[in-house]
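Here's the letter readout for the chains.
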Amino acid sequence: MQISSRILVFALMGVTVLNMKFILYLLNALEALLPTEHQYTYVEDDFPSQLPLRLPSVGLVLANGAPHFSLYADDDWGTLFPESDGFTDLGPKNRTFLISFVHQLHCLDVFRVGFVTNRTGFAHHVEHCLRYMRQAVLCYADTTLEVDHPGLLDG
């Protein structure tokens, strides 16, 4: 009886080793099927469409923001912009890119400042930003459902 239990233990150990080898073989085979990460040159159009960094998912609760970020709150608006002004250098030759969300924030600030100052000659910059924001909203339409606040979007 003792000999049969030893044979059974050795047989189970053998099967376990074979299973482990088979799993390693499958992992190696599957790894070969995965696409390799593209190495960009950052020359002409050979660059990633997104800033190559991984950000955690976040939740957003929309609020009217009062009393922050009013038309006259220059300091509040100033906190939105990174120290680098949204420019980043990427690739072996340090090609400079502007991060879209910073450009979008800049345009919102241009609208705010243009409205507050009503300066002659500012219309050209406001017009550029208005076209840019229209394009950004259409290209990256956010389908997140927001709670309706009656009267918020009324003229």
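Everything here concerns the structure above.
One structure accompanies this document, and this report is about it. Since we're looking at a predicted model, the values are computed, not measured.

Here's the deal with the state of the cysteines
And step 1. According to the stated counting rule, one finds one disulfide in the structure shown.
And step 2. The partner cysteine of cysteine 107 in its disulfide is cysteine 129, sulfur to sulfur 2.4 Å. Classification of the bridge connecting cysteine 107 and cysteine 129 rests on its S-S torsion, roughly -65°, and on that basis the disulfide is left-handed. One end of the pair, cysteine 107, is in helix α3 (residues 100-117); the other, cysteine 129, is in helix α4 (residues 123-139), and 22 residues separate them in sequence.
And step 3. Of the residues examined, cysteine 129 reaches a relative accessible area of 0% and is grouped as buried.

A few points about the pairing of strand β1 (residues 87-90)
And step 1. Sheet analysis places β1 next to strand β2 (residues 95-98), joined by four bridges and oriented antiparallel. Residue pairing across strands places leucine 90 opposite arginine 95, the latter belonging to β2.
And step 2. If you look at the hairpin formed by β1 and β2, you'll find four residues sitting between the two strands, and glycine 91 has a positive phi there, around 90°.

Description of a nonpolar patch on the surface
And step 1. Taken together, the side chains of Leu71, Tyr72, Phe115 and Val116 make up a nonpolar region of the molecular surface, amounting to roughly 430 Å² of accessible area.
And step 2. A relative accessible area of 34% means that leucine 71 is categorised as partly exposed.

Here we look at α3
And step 1. Counted at 1.5 Å a residue, the expected span for α3 with its 18 residues is 26 Å, and the 25 Å between its end C-alpha atoms agrees.
And step 2. Here the buried face of α3 lies against α2 (74-78), β2 and α4.
And step 3. Positive backbone phi, at 50°, marks asparagine 118, one or two positions downstream of α3.

Conventions and cut-offs
Residues numbered from 1 in each chain as written. Predicted model: local features only at pLDDT ≥ 70, side-chain atom pairs only at ≥ 80, totals over all residues. Heavy atoms only, no water. Disulfide = S-S within 2.5 Å. Helix = DSSP H or I, 4+ residues; strand = E, 2+ residues; numbered from the N terminus. Buried < 20%, exposed > 50% of the residue type's maximum accessible area, 1.4 Å probe, protein only. Pairing = 2+ DSSP bridges. Patch = residues over 30% accessible without salt bridge, like charges linked within 9 Å, V, L, I, M, F, W, Y side chains within 5 Å. Areas by Shrake-Rupley, 256 points an atom, 1.4 Å probe, with all protein chains shown as cover. Salt bridge = Lys/Arg side-chain N within 4 Å of Asp/Glu carboxyl O. Expected span 1.5 Å × (residues − 1). Contact = heavy atoms within 4.5 Å.

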